[in-house]
Amino acid sequence: MDDTYPYELLAELGESDVPRLRNKLLKHFQSKKRADGGECRIQYEDGGRTATLHFRRKEDMARVLAKESHEVVLEKGLLKVTVRLPGGPEFSLEILSDICSAVVTFSSGKENNEFITSCQTNRMFLKKNLSVRPLEATTKVKVEDVSNINTDFLLLYFENEGWEVEQVTPDEEEQSAIISFKMPAAVQETIKKKHIINKKHVNVFPFYDSLKMALYGKDQPNEDGGRTATLHFRRKEDRARVLAKESHEVVLEKGLLKVTARLPGGPEFSLEILSDMCSAVVTFSSGKENNEFITSCQTNRIFLKKNLSVRPLEATTKVKVEDVSNINTDFLLLYFENEGWEVEQVTPDEEEQSAIISFKMPAAVQEIIKKKHIINKKHVNVFPFYDSLEMALYGKDQPTLKLPAPFSETIDPTMLMYLHKKQEAAETVCSDLSARFCKVDLLPSSVSFSPLPTLLQQKDIKAKDIKEWKHSVEQAFKQALSKFKTLRLQPPLSAWEASEVQIGEMVLNKAVEVIPDKAGGALSVIGFVEEVTRLEPALNELLSGIEKRVIRENTNTEHKFEISKVMYQLLCQDGLADQLKSKYPEMKIAFQDKMTINGLPNEIYDAANMVIQKLFTVKKQTLVLDNTLSQFLKDEDEGNLTNVLTSNGIHAAVERVGTALNILAVSDIILKNAEDQLKQVLISQCIDVDDCNILKTVQWQNLIKSLEESTNTASKKIVITTTKAHQLERVTVVGYKDSVIPIFTEIQEHLHKYSKVNETLPVQHDVILRYIEAHSNSLSGEVMDNVDISYGKESVIFRGPREDVEKCKHKFDTLISSVCFKEHKLAKSGAKEFFQLNEAMYGSILMKDTGCIVQLVDESAIGQNDVAPKFGNQGSSYSQHRGLDQQTTKPLGTNTQAVVNVVGKDLDMEKGAVSKAILGAAGPYLQVLLTENGKTGNFGDVIITKGCSLKSNVVFHAVVPPWDNQGYAHKIMTGIVQDCLNEAERRGLTSITFPAIGTGNLGFPKDIAASVMIEEFLKFKKQSMSLKTVIIVVYPKDRETVQVFKDELKKRLISKVTTTSGKHEMTIRHVKVEVVLGDITKETTDVIVNSSNASFNLKSGAQPNTGMIMTVPGNLKCQRILHLVGHSDPQEIQQAMHDALVLVEQNAYTSISFPALGTGQGNAQADQVADAMLDAVVDMVAQSAQSCLKVVRIIIFQPAMMKAIMWITDLINKEQRKQTIKKKPSLDLSKANIQDINDIQKTMNVIVKIEDDNADIQGHTYKVNLQNGSAMDNRDNILQIRRYDKQKDDVDAVQLPSNWEPIPSGSQCHVVPIQQQTPEYNEVLQLFSSTCKKTVIKIERIQSASMWKGLQIKKQDMESRNGHQNNEKRLFHGACHTTIKTINEYGFNRSYAGKNATCFGKGCYFAANASYSAIDTYSKPDAQGQKYM
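First, a word on what this report is: a plain description of the structure on this page. (Residues numbered from 1 in each chain as written. Predicted model: local features only at pLDDT ≥ 70, side-chain atom pairs only at ≥ 80, totals over all residues. Heavy atoms only, no water.)

Attention now moves to the packing of helix H23 (residues 698-710) against helix H24 (residues 737-754). The N-to-C vectors of H23 and H24 enclose an angle of 170°; their axes lie 12 Å apart at closest approach. Here H23 lies roughly antiparallel to H24, going by the angle between them. Each of Gln-699, Trp-700, Leu-703, Ile-704 and Leu-707 in H23 lies in contact with H24, whose residues at this interface are Ile-743, Glu-746, Ile-747, His-750 and Leu-751. (Axes fitted to C-alpha atoms, helices over the stretch in contact; angles between N-to-C directions. Helix = DSSP H or I, 4+ residues; strand = E, 2+ residues; numbered from the N terminus. Parallel < 35°, antiparallel > 145°, perpendicular 65-115°, else oblique. Contact = heavy atoms within 4.5 Å.)

Have a look at this one:
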């Protein structure tokens, strides 16, 4: 490209097979709009993947380069083009001709790896089968020109340089040596340096074992024997002086060497490589140079070493004229003769579109090739042609190779059609020929072959290759077609369509195609050779079968037998049809009104004899059934009955003759089996209905309709009828057994569920009944609406559907169990009459205020002057301990969710007493469910079925072995109990009933059976989550077994729970556990437990323990108070109670009272707390064989009850009056006077007492005179006494809190800031933060000695009046900042009332919640926005 377009870019093309691509590229890159380009020129060869762009202006090139990626618009779609600056990574290339290899060295490892990766997919590499690999890191170098240096000297030299040498291997012939180092790094450092050894410069090159040679790079060594040498001078003037002498004489050891120096260059010559014949032609400008070259080559070392030969090329008399496709030989002859040259011969070559012209004289050739020739207005090229070379020499004008002409070929039409249909086959052919650079087109009647442009892009492509392309394509196409095979089949024309279909079905989804040619009478199967060869035997066999069938169809005959369909079915069951088919596979047997046989005449004759012989062996018997079944079968299809027999393996049939049914079979035994089978399958069941109204309900009608619709199939058909029987309605179900049993069970369950029943629930006290009646409106729902509820004497009566009644009764039972009551005796004269006068009014007030019902108890039960408050509570209540409850008195039908049944290996429930009783209650369908998965079971199996008519939902059928005295039966029984419990737990069941397993006919020792069962129950209790109740059922009259189980239970710690008025008792080994309602402060046990928080302090006199302290009782009636940290988690409650019991036991106390731990502020579930507390007692008792502890009481505090009792007590006390008559009447009263006083007490409800001034001093009675301070006994002994003001001294004895700071003298009030993170600070902060989330700035303690002592006196007074110590509350009072100081000094005063707000009257108001006192109305903010409380 000329210098006017100096700015060059390289364009990489996405594809190359685009017509006129050069023009499209030029148009695109010259476009300012599309490429942002400018004036440019393009170098591009057709089929190439790159093009070179040359721009006139640098700024145009810069804009094009900035876009980098371009899209060139084509006729169809876009061509993506990437532009970049020309050039690539820096590298050096060293050709290793001896081993046909080359070494490429890059400047970086990254370029090296990229080169290796690209070569692995390079098209030229793949085509030439070239490989590329990274060169290994070497540890060897080659040192050259070391002829006068021995190996020891070399070793010493390189080791002195600091490199560790392993070996020195000399090569005397090449005068070199190989040095082996330990590390590759030594090689890299060695080759970078210059080396002078023994005052001589030596060259060092890396040596590679894989190449078996050294790499020299640009420093290739000179060949010995060369005739020239190149001199390189540092300075120009030195070279000029040497060149001026021209001729030099070099002194050798023997003589002189003449040397001629000249500028580099040589004779002018041209070189043309003839790769086809591994030769080259060198053309010089003069004959002298030509001869010199021949002479020098004959002695040249390389020529001799490579065994090359050289010869002069002969003078030729022929030329080759190219591109003469439209010029005939005569015209060529005429043209060259007219030019004045004598032509001997013209030899055309149509394939190459050229001609060889032979002249008489060689001079003609020299003249002709120097001229330009225009023949027939067309420029043609002329080149010398040499016979010895069999080719023309082109010199620099190598001819451009052209693609050969496309051609077409005709092949077998069926093969061509196959290739059209089967894309896979066509792609195989195209793929094979693409390797020959050929594009294949399948035309309607032939195949077209076109050369691909890439043919000309192949390296070393020659004209010979172009010439031989067509032949190679033809051979490759034949080779490709040889992969396929054609199988011609000729089916009968009468079965042409059927043959085509069957052959098509056989080869469906196979890699073959069926090509029909009906005109030629053939079906061709074409595909790959292996597939067609594999299918050929099957196809030939199929065609043979078709031919045989055609022959049979032309000669077949038909014969009919007059027999019934039932008889036909029987004969088929007996194997007639199979026998005929086995003997004559092509024979056709059918039945349509008559039995029809179609086959060859001889087959028909033989088949008729076999049918007649079978008919003679058939036997008949009439089926006899009861009336209900006969009516059912009246309209039943006999084919259904026959199917019943055949499905059970009985080869018999049922035939209807009039109204009778006959059984047909080929033997008497089969007849008997068939009759037994039908009587077993066809059954009827009936039930008498007491409540006839249930049969008129919509539910009953819908049930019958759905049942009949669900069994309208032949094998499930049933009939349900209702008839009168002995004044009752009888429901009968008749039909097939598999349908009758479940349907009859469902009818039974429906009647049981919806039949009207009467149930009575006893109530212990009439007052509870009143309470339930008042609160029964809390029980609502559809179940309650369906049941009539009435109240009797200490009972609730229910009437309605059985299921609804049971649910309703359960709800009432739950409600009654949550009602608590207490009898309170108030020994006050006249109390009964007073309360009786206004009982209705007082009861209404108490009901409104406390939720309690109060009534007087009958005199005969309580006494004249007793009032018994009765109350109920809608909140939490005490419930009995929920655990594994073992009983021995409930009947088999107990209402648990699961029941365990014992059976033998035959699974027959009729054999055992328990299983028979269960079967009777559940209904016969239970036996069907048990055996539906197998006729027998194995010892230890537990088979689970539904409960059918039992109250239990699930039945666990345990297969138990008889007792064996060897331990096997004991092990099996243990596993069965465990499996039943685990399965019940897995299913989420809460209750299960066990019989006394093995104690009957199986012969288990009763004590072992009881021990195994109860032991497993107690083990399982510890891990049970859902299962809470286990019931053991023992036959009541088997007193021995009952006693054994009772004894085992007693031995297992827990006695039966007994309940008396408001108290539940049980005995756990030697400890009696009592659960009562009441006030724990009234308890008289040795120890009372107080549930406290975690911040209590261990005071002096307390006995320390983890999480608990024990203190003196104060005014309580116990000996000690045990303070426990409160918990809400049941496990923590259990552990805390266990630790308390251990502590009490260690201190030898005999009784202890607990509150219901965690059920107050802890909000723990009452039933979980009950479980935890009783488990703690069991654990403690189990760990101590002998114990001081005898009584554990759990006190359930009922605030409502206590409020009601206090209200009544206060009411009675207010009405009591006391009058003292200060006289001495006792000595003057006669017996009559005393009797009168007693009568007055009885009739007027008063109490009369005679009091005196006597005092008991040191065990003696003294008459006291306080006026003179003396006391006299009955012996006139006088003691001096002094009045002791107890109240005054008590005040002086009041102690201030130990944590108070000293109060300054003269100060009535001392304000002390509380430090953060102290227990006192945290306690107050927690009480505040529990309801109020405001920020606390500080907390202060107000210390006032006078107010503290006044508080203690008032506290003692309240405790004395109320009879308990539970009189304190932590309350909050919000105040304005202006009144805080006054309150601190003088306390709360009613005179402040109304300052902030009032609600119930004038007084000081306090709040239980800090959030209420924090309202601005009460705690008004000061100027800084701070509030005070």
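On to the sheet that holds strand E32 (residues 557-561), then. Judged by pairing direction, the sheet is antiparallel, and its three strands sit side by side in the order E32-E34-E33 without closing on themselves. Looking at the sheet topology across the chains shown, the edges are occupied by E32 and strand E33 (588-592). Averaged over all pairs of adjacent strands, the angle between strand axes in this sheet comes to 20°, irrespective of strand direction. By the bridge criterion, five bridges tie E33 to strand E34 (residues 594-599) in an arrangement that is antiparallel. Each residue of the ladder has a partner; that of Ala-590, found in E34, is Thr-596. (Pairing = 2+ DSSP bridges.)

Within the structure shown, the criterion is met by 18 aromatic pairs. Relative to Phe-528, the ring of Phe-484 has its centre 4.9 Å away and its plane inclined at 40°; by these criteria the two rings are tilted. Remark: Phe-528 occurs in strand E31 (residues 522-528) and Phe-484 occurs in strand E29 (residues 484-489); sequence separation between them is 44 residues. Judged by its relative accessible area of 7%, Phe-484 is buried. Relative accessible area serves as the criterion here: at 18%, Phe-528 is assigned to the buried category. Grouped by ring-pair contacts, the aromatic residues Tyr-157, Phe-158, Trp-163 and Phe-181 constitute a single cluster. Lying over the aromatic face of Phe-407, Lys-470 brings its terminal NZ or CZ to 5.2 Å of the ring centre. Note that Lys-905 overlies the ring of Phe-939, its terminal NZ or CZ placed 5.0 Å from the centroid. (Phe/Tyr/Trp six-rings, centres within 6.5 Å; stacked < 30°, edge-to-face > 60°. Buried < 20%, exposed > 50% of the residue type's maximum accessible area, 1.4 Å probe, protein only. Lys NZ or Arg CZ within 6 Å of the ring centre and 35° of its normal.)

If you look at the biggest cluster of nonpolar residues, it comprises 39 residues, and the most contacted ones within it are Leu-1122, Met-1137, Leu-1141, Ile-1152, Phe-1154, Val-1177 and Val-1192. Among all residues touching Val-1177, those that are not within four sequence positions of it are Ile-1068, Val-1071, Val-1073, Met-1137, Leu-1141 and Val-1192. Core analysis: the second largest hydrophobic core is formed by 36 residues, Ile-972, Leu-981, Ala-984 and Phe-994 among them. (Core = buried A, V, L, I, M, F, W, Y, C linked by side-chain atoms within 4.5 Å.)

That is the geometry; function is a separate question.
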